[in-house]
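Chains, contacts and geometry: an overview
These are the residues of each chain, in order.
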Amino acid sequence: MNHALILSGGSGTRLWPLSRKSRPKHLIPFAGGPTLLEQTLTRLDELIAPERRYLITIPEQAPIVRDVARGKAIGIIIEPIGCNNLFPMALSTKLIASRDPNAVIVFLPADHTISRPDKLRKALKKAISVAETGYIVTMGIPTAYPEPNYGHLQKTEPLEGFGGDEFPAFHVRRFHEKPPMDVVLGYTSDESWFWNGGIFIYSAATMLELISELQPELHKLLESLDSAVSHVKPTMDSPVIDWSSSSVIDAAYRNLPMKLQTSIDFAIMEHADRVATIPVDMGWSDLGGFAALSELIEPDDDGNRVVPIDPGDIDNVIMQNSKSCAVFPGKRTIVCLDCEDLIVVDTPDAILVLPAESCRKVKDVVDRIRDRGLTNLE
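Figured I'd write up the structure that's included with this text. (Residues numbered from 1 in each chain as written. Predicted model: local features only at pLDDT ≥ 70, side-chain atom pairs only at ≥ 80, totals over all residues. Heavy atoms only, no water.)

Regarding unusual backbone geometry
The omega torsion across tryptophan 16 and proline 17 is 5°, close enough to zero to call that bond cis. The residue proline 17 is located in the loop between strand E1 (2–7) and helix H1 (36–43) in this model. Here lysine 178, not a glycine, exhibits a phi torsion of approximately 50°, which is positive. Mapped onto the fold, lysine 178 is located in the loop between strand E8 (170–176) and helix H5 (181–188). A positive phi angle, near 55°, is found at serine 324, a position not held by glycine. Assignment of secondary structure puts serine 324 in the loop between strand E14 (317–320) and strand E15 (326–328). (Helix = DSSP H or I, 4+ residues; strand = E, 2+ residues; numbered from the N terminus.)

Put into structure tokens, the structure is as follows:
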């Protein structure tokens, strides 16, 4: 049967100070609307039932995730600590396989926005049928501009038996995670290259076999946790799976070798040989920076955008002779006078002002905050 595994534990450092470890972008109700996690769950309604959905989160976010996902998922998996996505994906895949050996899993992030969800659902139905033949399938997103923060994939010939409709599948020649800008420029001008949207579809058996081939140390670790994992039996009434309550799984997280604290992209996708992609223009964005986030709001006649969390905060912004600015207001009054191409973010304990072109540097600020030990600002 089909299952969903939703990654909902990231911190969204490129959107600091709006996005924090305890309340990252997928848990923020921008302009009073549904959170990105809620939107992700809703997109699955016609495809995968709540009884076959699992979420992965971290302790700091668990209370909000539990509230959002109540009645919408059978498993809310709480990691003891964050360690990138390879190990939690592998462990959760093993859990799902213990309950359904024939499981096909749709693995997707909770912090992306998709403006054409019907296209995604149709493409996922096709991807599930491809995954049943032993491929890992990705959604290929048409490249709109050079972006070194995204994974890229190159499609080649059509996958035999999976063409002839709106969403044909193709073999993937190469998977390149976060290539440097000089390489990205070439990919963007080549129609065979696509962004990897972070959505992977695979059978549990295929993924576990790949892990045994490509990451034998991880495979050995999973085997040692088999008994602890197979005893977990969540229900809709009792969905919380707290891995810290298992001494052996908690120890595995806290003693995980650094080389396994990596992503699926680096550890599996760049090395797997049975990878397919389905190109789909579904209005995808990972909202990976303030420029992308501001595009959720239509600009005024001067190109300015105001993006509140609380709809009432929009009245706290005064724009005078300013153009192409994005303001994320809080409770204080913000005045932009003779400004152009600026981003202004106001939160109770931090204010960020930067040129729009410096969006990619915000993550570096968070690294400096961590180096200073200012954990209250993370």
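Additional details are given in the paragraphs that follow.
A look at the pattern of salt bridges
Counted under the stated rule, the structure contains 19 salt bridges. Residue aspartate 286 pairs with arginine 14 through a salt bridge whose shortest N-O separation is 3.3 Å. Here aspartate 286, found in the loop between strand E12 (284–285) and helix H11 (290–294), pairs with arginine 14, found in the loop between E1 and H1; they are 272 residues apart in sequence, far enough to count as distant. Between aspartate 346 and arginine 332 there is a salt bridge, and its shortest N-O distance comes to 2.5 Å. Within this pair, whereas aspartate 346 is found in strand E17 (residues 342–347), its partner arginine 332 is found in the loop between E15 and strand E16 (334–337), the two being separated by 14 residues in sequence. Assessed through its relative accessible area of 5%, aspartate 346 is described here as buried. For arginine 332, a relative accessible area of 39% puts it in the partly exposed group. Linked through salt bridges whose partners overlap, the residues forming this network are Glu46, Asp118 and Arg121. (Salt bridge = Lys/Arg side-chain N within 4 Å of Asp/Glu carboxyl O. Buried < 20%, exposed > 50% of the residue type's maximum accessible area, 1.4 Å probe, protein only.)

With respect to the sheet that holds strand E18 (residues 350–355)
Within the open sheet, the 4 strands sit side by side as E13-E15-E17-E18. Their pairing is mixed. Each edge of the open sheet carries a strand with a single partner, namely strand E13 (305–306) and E18. Pairing geometry for E15 and E17, over 3 bridges, is parallel. By the bridge assignment, phenylalanine 328 is partnered in E17 with valine 345. (Pairing = 2+ DSSP bridges.)

Let's talk about the packing of aromatic side chains
Evaluation of the coordinates by the stated rule reveals 9 aromatic pairs. On the basis of an interplanar angle of 55° and a centroid distance of 6.0 Å, the ring pair of tryptophan 195 and tryptophan 284 is categorised as tilted. Placement of tryptophan 195 in strand E9 (residues 193–203) and of tryptophan 284 in strand E12 is noted, with a sequence separation of 89 residues between them. Comparing tryptophan 195 with tryptophan 284 shows no difference in burial state: the two are buried. Through a chain of ring-to-ring contacts, the aromatic side chains of Tyr145, Tyr150, Trp195 and Trp284 assemble into a single cluster. One cation-aromatic arrangement involves lysine 155 over phenylalanine 170; the distance from NZ or CZ to the ring centre is 4.2 Å. (Phe/Tyr/Trp six-rings, centres within 6.5 Å; stacked < 30°, edge-to-face > 60°. Lys NZ or Arg CZ within 6 Å of the ring centre and 35° of its normal.)

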